[in-house]
Amino acid sequence: MKRPKLKKASKRVSCAKRFKIQKKVREHNRKLRKAAKKTGISRKPKADVGVPNSAPFKEEVLREAEQRKQELEALKEQNKIVKQQERAAKRKKDKEAASAGVEPASKKAKKGAKVREARAAVVKEKSAKKFKCCELNKVIEASDVIVEVLDARDPLGCRCPQLEETILKHEGKKKLMFILNKIDLVPKENLEKWLGYLEAECPTFLFKSSMQLKDRTVHQKKQRGTNAVLDHSRAASCLGSDCLLQALTDLANKKDSETMLKVGVVGFPNVGKSSIINSLKEIRACHVGVQRGLTRCMQEVHITRRVKMIDSPGIVAAPSNPGDVMALRSLQVEEKEESPLEAVRSLLKQCNQQHIMLQYNVPDYRNSLEFLTTLAKKRGFLQKGGIPNTELAATTFLNDWTGAKLSYNSRAPERQGLPSYLSDAIVTELQSDLNMDMVRKGNENVIRGVRFPNLASSISFNSKGPTAGVLNESELPKETITTTATTVADEVEVDVTASKDEPEAEPPVSKTVTQIVEPTQIQEPTQKRKDKPTKETKVKFVNVDLTSMQHNNNDDAYDFNTDFV
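A. Representation of the state of the cysteines in the model. Per the stated rule, a full pass over the model turns up zero disulfides. Free cysteine: Cys133, not disulfide-bonded; nearest cysteine sulfur from Cys134 at 6.9 Å.

The following block contains the structure:
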């Protein structure tokens, strides 16, 4: 027990306890000796007695043992010297190969390993695209009704003409419907215009998914319904599910009573396909998240006794799409074909600058790099030394655009006729088995129940039209691997500053201070001449801080580095 005002507790115990411990130890040792005696094992190992004095030729035996010991030590030393000589010869050979311009075997092996890794990564990515195309075709073939999910912020950019044309080629055996998801992120007037534009081509349903589904099994859902309190918040509410389920149930009743209606859910990545299925099922049956491309294979989910929905991976976008379209979907960034800085630059060119300033609460900016620098400082994305992390700010900006967070809208174009793969007869056939009056009333009820953002708080965005997709494996581009040898000139880092005429030219930023070596003083990797002395390289340190590089001679521009207080 530890007594007060003492650093350590006392180790004293009562005599009865101490005697009891000693008795137990004696009994334990006695049992061990008895067991060793039965097995014939002695407790103490016998010591090496060496050569006894009574042995004949004792001195000769000891002399031979000492001589053998010396021979072993000499052999060990000789092996050590041979290994040192081999390493020295290898280093000399590598130096001679480097002076002659031939890469040593070790460097060749490392470069070969890097090439193999790059080739394996390309093959894996290409096989993933092929697998997505195969899974998407399986969903189309297995479904009776195909639902194309469109983001309400850019419905035209989420449409894939190749997919719609493939579905309509089945000559009425498969029906096509549109679902406008994320309707709570666009103004009401903009949504009504897009609804009228899409209803003229295909039956369209308005939908808002629930974002707070945590149940993974039906048992957990039942427990939540009996024990927990219902959440009526904006994020937890789901709108449009009743009208959609009623339309699908009517289509299932018109079919054979023994078969279920299979509904395939297709669309580009991150438009909300899995969230719609989870909202209809009212449990978290499919994996969802902000990250794009979480769904990698088809998944069947039973909604009711007559309706079964099939989740599918995202449509693979064709590389022939413009850079602005790919940047909006963040497809090239996800595939590491484009940096986030380039994608943000392409997006900012299509947006209203005043809307961006109001949405992110940033001052006026002249280019995307200045916007990302200000956003990084505002969000606290700073690296070591207080340097703004523009890449993290760019990734955050792209996540806001592809996720269900940022409110932006694109203008609905004027009607200029139906697409080439649609006709009035096909439109009438798509609407034949549906009660269009019930669908319109359901959409009106959804519009009345949604709290829309104001037009002033939403970012205006210029849509670039439909996005081309790839459905056949043969249409995928062939990947090529190019390897470049690093030379001395490649390792020299040259400072390139942005010109005043081109404010959008944004140099990549790695460090605040960059070493610049004059190109006239670069020595080639050859043997030094004895008759010509070598020149020493002069190193200059140039400040390439982002905030100081961006200032022009404009006196009206606001200087962020100066404190005017």
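Additional details are given in the paragraphs that follow.
B. View of the sheet that holds strand S5 (residues 299-302). Read from one edge of the open sheet, six strands run S3-S2-S1-S4-S6-S5, paired in mixed fashion. The sheet terminates laterally at strand S3 (204-206) and S5, the two strands that pair on one side only. Each strand axis lies, on average, 25° off the axis of its neighbour in the sheet, ignoring direction. Two strands pair when backbone bridges link them, and strand S1 (residues 145-151) and strand S4 (residues 261-266) are joined in this way by four bridges, in the parallel orientation. The partner of Ile146 across the bridge, within S4, is Gly264. Against the sheet, helix H9 (residues 273-281) makes contact with S1, strand S2 (175-181), S4, S5 and strand S6 (307-311), and its axis sits at roughly 155° relative to S6, the strand it touches most.

C. Here's a closer look at helix H17 (residues 436-449). Relative to the 20 Å expected for 14 residues at 1.5 Å per residue, H17 spans 20 Å between its end C-alpha atoms, a close match to the ideal helical length. Turning to H17, its buried residues number three or more, namely Met436, Val439, Gly442, Asn443, Val446 and Ile447. One side of H17 holds all its buried residues, which, seen down the axis, span an arc of 140°. Exposed residues pointing more than 90 degrees away from the buried face of H17 are listed as Asp437, Lys441 and Arg448. Buried residues belonging to H17 abut helix H6 (188-199), S3 and helix H8 (241-254).

D. Local environment of the pattern of salt bridges. Enumeration according to the criterion identifies twelve salt bridges in this entry. Between Glu164 and Arg159 there is a salt bridge, and its shortest N-O distance comes to 2.9 Å. Arg159 carries the same exposure label as Glu164, and that label is buried. In this structure, Arg345 and Glu342 form a salt bridge, with 3.6 Å as the shortest nitrogen-oxygen distance. Here Arg345 pairs with Glu342, and both are found in helix H12 (residues 340-349), just three residues apart, close to one helical turn. Through salt bridges with shared partners, a single network forms among Arg159, Glu164, Glu201 and Arg415.

E. Spotlight on H9. With seven of nine residues buried, H9 is to be regarded as a mostly interior element. Taken together, the buried positions of H9 are occupied by Lys273, Ser274, Ile276, Ile277, Asn278, Ser279 and Leu280. Against the buried residues of H9 lie S1, S2, H8, S4, S5 and S6. Within two residues after H9, Glu282 carries a phi angle of roughly 65°, on the positive side.

F. Region of interest: the packing of H6 against H17. Orientation of H6 relative to H17, taken along the N-to-C sense of each, is 165°, at an axis distance of 12 Å. One finds that H6 runs roughly antiparallel with respect to H17. The two elements H6 and H17 cross, and the hand of that crossing is right-handed. Every residue of H17 that contacts H6 at Lys188, Leu191, Glu192, Leu195 and Glu199 is listed here: Arg440, Asn443 and Ile447.

Analysis parameters
- Note on numbering: residues in each chain are counted from 1, in written sequence order.
- Local features in a predicted model are, by the rule used here, given only for residues with pLDDT of at least 70; side-chain atom pairs are given and counted only at 80 or more, and totals for whole chains, interfaces and linings are based on all residues.
- Side-chain calculation: all heavy atoms of the structure are included, whereas hydrogens and water are not.
- Here, the term disulfide refers to a pair of cysteine sulfur atoms separated by no more than 2.5 Å.
- Pairs of strands are assigned from DSSP output, requiring at least two bridges between the strands.
- Segments assigned H or I by DSSP are reported as helices when at least four residues long, segments assigned E as strands when at least two residues long, and all are numbered from the N terminus.
- Only C-alpha atoms enter the line fits that serve as axes; for helices the fit covers just the stretch in contact. Angles between N-to-C directions range over 0 to 180 degrees.
- For this analysis, residues touch if any pair of their heavy atoms sits within 4.5 Å.
- A helix is expected to reach a length of 1.5 Å times the quantity of its residues less one.
- Whether a residue is buried, partly exposed or exposed follows from its accessible area with a 1.4 Å probe, protein chains only, as a fraction of its type maximum: under 20%, in between, or over 50%, in that order.
- Working note: the arc is built from the helix axis to C-beta atom directions.
- For this document, the term salt bridge refers to a Lys or Arg side-chain nitrogen within 4 Å of an Asp or Glu carboxyl oxygen.
- We call two directions roughly parallel when the angle between them is under 35 degrees, roughly antiparallel when it is over 145, roughly perpendicular when it lies between 65 and 115, and oblique otherwise.
- The sense of a crossing depends on the near helix, which, turned anticlockwise from the far helix by less than a right angle, makes the crossing left-handed and, turned clockwise, makes it right-handed.

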